[in-house]
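# Structural overview
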Amino acid sequence: MKRVLELLAESLDAHDVKDLFGLIGDANLYMVDAWVRRGNGRYTACAHEASAVLAALGYAQVTGRTGVATITHGPALTNAMTAIAEGVKGGVAMVLLCGDTAAHAREHLQKIDQRELVKAAGAGFVDMRTPDTASADLARAFRQAALERRPVVFNMRADLQWQQTDAAPVVFSVPTVRTAVVDSEDLDEALGMIASAKRPFILAGRGAIVPGAKEAIVRLARRLEAPLATSLKAAGLFTGEAFNLGVLGTVGREVVIDAVTKSDCVVAFGASLNFMTTDNGALLLGKRVVQVLADPAESDRRPDRGVLLISDLAAMAERMIETLDLAEIPPSGNADEAMAEALRHEAVKYASPIPFATTAPGTIDYVPALRRIEKTLPADRILVSDVGRFTFGAWRNLSVSDPHYFVYSSNFASIGLGLGEAIGAARAEPEALTVLLSGDGGFMMGGLTEMATVAREGLNIAILIFNDGSYGAEHIQFTSKNMSPALSMISPPDFVKVAKAMGFRACRVTSPDELDTAINLLAEGQGPCLVDLHLDPYLVRQD
């Protein structure tokens, strides 16, 4: 016989959990202690419950595995709601082991209806029913998270954790979901569109980051002689391919925008074609669209136009190649020498230094700075992006070599989630440099608290703060209406002093002359560091 809390610890080991992120309280601390004492994994204690959930989300994005976090009950769960919603919006598989108030504790101050909270955020909810079913219930949570690609809260009552059971750990296998290519009128229409296209264009989204999909999509592109591009979340997927145009959408560079504008048919694999990827639909105007998705669940982010095919992505790409071959359809020639030359010209352009624009005293034009930082950072860096008006310029000028190395924390459009996810990313790949991109407002909201976690754990994280002294979106809205932006100005603290006090290497950049110090700091390598880039709130470029 054993206590349920010990069974849960054994069950985490059975699920091969190597990293657990959390914050303990009276409804989960003994379970966490039991798991840590087993010695088979690493527990990272965060300073805030939201950060524990975010760390699990960052870990999941980098590894492709289900992230795992744990918190206690009541206010711990309400503290984590934005992070849970972020995971739901982003379609990230994560299991949150959440304590719950003992059934008999009717007047407990932290008692709340946790199921209703979780449902409101759109996450899954699995109750630990009895001592004997505890491990099987946890296994259902893991399976549900993997199949539905969203956070699932495993709700464990404190009193049940102390009861005895002789149950053994349970693990459910996660079935491989492969949707067959089914003959239909929609498929015939899509194949006809592709076969008749003169300037086809192939796009891949985050859904294409599955085994076999990339290779099949590349074969299709070569068969069609069509260029390749990705959504922002799939950045780096086609690194090394001759006609890889990069990221399509509102942050797309000139060559990809020109190519999609001239195209007559867009074939999208695993991409939702949301408003950012399509520039509010403008990039799809006048084009035939074939969208291939593996997930049949409806989504508000899907466009209404075009043909939607639900299928295994690799199988569908191979079916398209087979049809083209059988019909002896010649390649389009769209990926030609003129496009190759445009790509070479663009590569030189973005690798070349550009002059610093004149900004207010004590500030720097950050786009030329990023061009230099791009060359300084190691090729296998992980980029974790918070959200702010700096992001368009940062996304255009900083690259990743693999889509798992781009961690997106803006699915719910909340600032301040970046450092939590960076902690998980750094745990996932401790040898790689994890680079956090954050605005000053976002960093005050969600970064300052977790600097202590980064320093204590010695994580290999470099923080770039784009510090314009304001909430940028609100500053833009005020100034666009010729109103005073005073309410958007936030006068942040001295981040460099704070960072150094916490054990970071840190510097500020207030002019081009100070950029060398930051470059040297970033080049030093291991250990946490922070670079505070001071920007002019009236001149934050997007190029």
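To keep things clear, this report deals only with the structure shown in the data block.

### Looking at the overall build of the chain
Across its full length, the chain holds 21 helices and 20 strands. Radius of gyration (C-alpha) of the chain: 25 Å, near the 24 Å computed for a compact globule of 543 residues. C-alpha extents for the chain along the principal axes are approximately 70 × 65 × 45 Å. The proportion of buried residues among the 543 residues of the chain is 55%. Contacts spanning at least 24 positions in sequence make up 75% of the contacts within the chain whose residues lie at least 6 apart. Summed over its atoms, the accessible surface of the chain is roughly 22,100 Å², and 53% of this surface lies on carbon and sulfur atoms.

### Overview of helix H3 (residues 49–63)
In this model, H3 (15 residues) spans 21 Å end to end at C-alpha, consistent with the 21 Å of a helix rising 1.5 Å per residue. Counting buried positions along H3 gives 14 out of 15 residues, so the element sits mostly inside the fold. Directly after H3, the chain includes glycine 64, whose backbone phi takes a positive value near 80°.

### Quick look at the pairing of strand E17 (residues 434–439)
Of all six residues in E17, six are buried; the element is thus mostly enclosed. Where burial is concerned, the two faces of E17 agree: the one with Thr434, Leu436 and Ser438 and the one with Val435, Leu437 and Gly439 are both buried. Summarising the sheet, E17 and strand E18 (residues 461–467) pair through six bridges and their orientation is parallel. Across the sheet, leucine 437 pairs through a bridge with leucine 464, a residue of E18.

### A word on the sheet that holds strand E13 (residues 288–293)
The strand order across the open sheet formed by six strands is E11-E10-E9-E12-E13-E14, and the pairing between neighbours is parallel. What marks the edges here is a single partner per strand, and that holds for strand E11 (244–247) and strand E14 (307–310). Strand-to-strand twist of the sheet, defined as the mean angle between neighbouring strand axes without regard to direction, takes the value 20°. The sheet contact formed by strand E9 (residues 200–204) and strand E10 (residues 228–230) spans three bridges and is parallel. Note that in E10 the partner of alanine 204 across the bridge is threonine 230. Docked against the sheet, helix H11 (residues 254–262) engages E9, E10, E11 and strand E12 (265–269), running at close to 105° with respect to E11.

### Things to note about the sheet that holds strand E16 (residues 406–408)
Taken in spatial order, the six strands make up an open sheet running E16-E15-E17-E18-E20-E19, and their pairing is parallel. Edge strands, defined here as strands with exactly one partner in the open sheet, are E16 and strand E19 (505–509). Across the sheet, the axes of successive neighbouring strands diverge by a mean angle of 15°, strand direction being ignored. Helix-sheet contacts for helix H21 (residues 515–523) involve E18, E19 and strand E20 (529–534), and the interaxial angle to E19 is about 155°.

### Focus on the pairing of strand E2 (residues 19–22)
Side-chain direction in a regular strand flips from residue to residue, so the side chains alternate between the two faces of the sheet. Burial along E2 is two-sided: the face carrying Asp19 and Phe21 and the face carrying Leu20 and Gly22 are both buried. Viewed along the sheet, the connection from E2 through helix H2 (residues 29–38) into strand E3 (residues 42–45) turns out right-handed.

### Considerations on the packing of helix H14 (residues 366–376) against H21
In the contact formed by H14 and H21, the axes pass within 10 Å of each other and the chain directions differ by 25°. Classified by the angle between their axes, H14 and H21 sit roughly parallel to one another. Classified by chirality, the crossing of H21 by H14 is right-handed. Between H14 and H21, the contacting residues are Ala369, Arg372, Ile373 and Thr376 on the first element and Leu515, Asp516, Ile519, Leu522 and Ala523 on the second. Of the residues in the contact of H14 with H21, the class split is six nonpolar, one polar and two charged.

### Remarks on the environment of aspartate 13
For aspartate 13, the location among the structural elements is in helix H1 (residues 4–14). Residues aspartate 13 and threonine 133, 120 residues apart in the sequence, show an inter-C-alpha distance of 17 Å. The contacts of aspartate 13, once residues within four sequence positions are left out, are Trp35, Arg38 and Asn40.

Conventions used here
Residues numbered from 1 in each chain as written. Predicted model: local features only at pLDDT ≥ 70, side-chain atom pairs only at ≥ 80, totals over all residues. Heavy atoms only, no water. Helix = DSSP H or I, 4+ residues; strand = E, 2+ residues; numbered from the N terminus. Rg over C-alpha atoms; globule rule 2.2 N^0.38 Å. Buried < 20%, exposed > 50% of the residue type's maximum accessible area, 1.4 Å probe, protein only. Contact = heavy atoms within 4.5 Å. Areas by Shrake-Rupley, 256 points an atom, 1.4 Å probe, with all protein chains shown as cover. Expected span 1.5 Å × (residues − 1). Pairing = 2+ DSSP bridges. Axes fitted to C-alpha atoms, helices over the stretch in contact; angles between N-to-C directions. Right-handed = clockwise from strand over helix to strand, strands pointing away. Parallel < 35°, antiparallel > 145°, perpendicular 65-115°, else oblique. Left-handed = near helix turned anticlockwise from the far one by under 90°. Nonpolar A, V, L, I, M, F, W, Y, C, P; charged D, E, K, R; others polar.

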